[in-house]
Amino acid sequence: MSLDDLNNGTCSQRARHGSKHGVLKSSKIGFYDEKDKQNVYYTWKLVMLDMLLETGWEDNCSTLEAVAIECLSSACARTGHITEPMTGVVKLILDKLLNIQGKLVQEAKTWLLALGLQPDITLTPEDDMACIRAHANTL
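The structure contained in this document is the topic of the report that follows.

What counts, and where the lines are drawn
Position numbers for residues count from 1 along each chain, tracking the sequence in the order it is written. In keeping with the model being predicted, local features are shown solely for residues with a pLDDT of at least 70 and side-chain atom pairs are shown and tallied solely at 80 or more, while totals for entire chains, interfaces and linings include all residues. Side-chain metrics in this entry use all non-hydrogen atoms of the structure; hydrogen atoms and water are not considered. Secondary structure elements follow DSSP: runs of H or I of four or more residues count as helices, runs of E of two or more count as strands, with numbering from the N terminus. Think of it in three bands: residues with accessible area under 20% of the maximum for their type are buried, residues over 50% are exposed, and the middle band is partly exposed, with areas taken using a 1.4 Å probe on protein chains only. We get accessible surface area from the Shrake-Rupley algorithm with a probe of 1.4 Å; when it comes to residues, only the shown protein chains can shield them. Here, the term nonpolar core denotes a set of buried Ala, Val, Leu, Ile, Met, Phe, Trp, Tyr and Cys residues that are joined through side-chain atoms within 4.5 Å. By definition, residues are in contact when any of their heavy atoms lie within 4.5 Å. Salt bridge, as applied in this entry: a Lys or Arg side-chain nitrogen positioned within 4 Å of an Asp or Glu carboxyl oxygen. Working rule for helices: expected span equals 1.5 Å times residues minus one. Note: the arc covers the axis-to-C-beta directions of the helix. In this scheme Phe, Tyr and Trp rings, the latter by its six-membered ring, pair at centre separations within 6.5 Å, and the angle between planes marks the pair as stacked below 30 degrees, edge-to-face above 60, and tilted otherwise. Two N or O atoms form a polar contact when they lie within 3.5 Å of each other; inside protein one atom must be a possible hydrogen donor and the other a possible acceptor, and for residues adjacent in sequence the pair counts only when both atoms belong to side chains.

### Details of the overall build of the protein
Within the protein, the regular secondary structure consists of 5 helices and 0 strands. If you list the helices and strands of the protein from N to C, you get α-α-α-α-α. Taking all 139 residues of the protein together, the buried fraction comes to 35%. About 8,800 Å² of surface is accessible on the protein, with carbon and sulfur atoms providing 53% of the total.

### Quick look at the nonpolar core
One finds Val40, Trp44, Val47, Val89 and Ile93 to be the most contacted residues of the largest nonpolar core, which totals 21 residues. Considering every element that reaches this core, the biggest residue donor is helix 2 (residues 61–79), with 7 residues. Apart from the residues within four sequence positions on either side, Val47 is in contact with Leu64, Val67, Ala68, Cys71 and Leu97. By size, the runner-up hydrophobic cluster in this structure holds 6 residues, among which are Leu52, Leu53, Ala108 and Ile132.

### Re the pattern of salt bridges
This model, assessed by the stated rule, comprises 2 salt bridges. With its nearest N and O atoms 3.4 Å apart, the salt bridge here joins Glu34 to Lys37. Of the two residues, Glu34 and Lys37 both sit in helix 1 (residues 34–55), 3 residues apart, roughly one turn of that helix. Among the residues examined, Glu34 registers a relative accessible area of 57% and is labelled exposed.

### Some points on helix 5 (residues 125–138)
Helix length check: helix 5 (14 residues) gives 20 Å between terminal C-alpha atoms against 20 Å at 1.5 Å per residue, within 8%. What helix 5 keeps buried is the set Asp128, Ile132 and Ala136. All buried residues of helix 5 lie within an arc of 70 degrees about the axis, which places them on one face of the element. In this structure, helix 5 carries Glu126, Asn137 and Thr138 as exposed residues pointing more than 90 degrees from its buried face. Along its buried surface, helix 5 packs onto helix 1.

### Examining the packing of aromatic side chains
Overall, the coordinates contain 2 aromatic pairs when judged by the stated rule. Ring centres of Tyr41 and Trp44 lie 5.4 Å apart, and the angle between their planes is 55 degrees; this geometry places the pair in the tilted category. Of the two residues, Tyr41 and Trp44 both sit in helix 1, 3 residues apart, roughly one turn of that helix.

### Observations concerning the environment of Glu107
For Glu107, the location among the structural elements is in helix 4 (residues 101–114). A sequence separation of 59 residues divides Glu107 from Met48, and the C-alpha atoms of the two residues are 9.1 Å apart.

### Some details on the side chain of Asn39
As for its position among the elements, Asn39 is in helix 1. Residue classification places Asn39 among the buried positions, given a relative accessible area of 0%. Polar side-chain contacts of Asn39 include one of 2.8 Å to the backbone oxygen of His81. Apart from residues lying up to four places away in sequence, Asn39 is in contact with Leu72, Ala75, Cys76, Thr79, His81, Ile82 and Thr83.

So this is what it looks like as structure tokens:
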């Protein structure tokens, strides 16, 4: 099933084992075809990278939603497959990120260390972030 099928009314015919009442919701990853899944997975990675290098962890859902939609657009451009930023897709992206905030922080620390982007406690937060961005741009 792809997002194109949503307009055709075929989404109610799709069922997976273990799904409530035999209908899989558009806010679940199993609802989508492989190309849409690839875009969603890549979007999760892009949002995490954005949080590492640009915005930090956003508590404002509107801002996080805008970042998610922008990252989804980038993922679509990379794969050449359009995944529309419909409510179900955005909810799927945000739910995954919001549910694993602690894991994201741990993963981010791993990425920072692996990329040599360790915070320098002798610098001000602004100067430290500038150094991290400069180093990330050279990578």
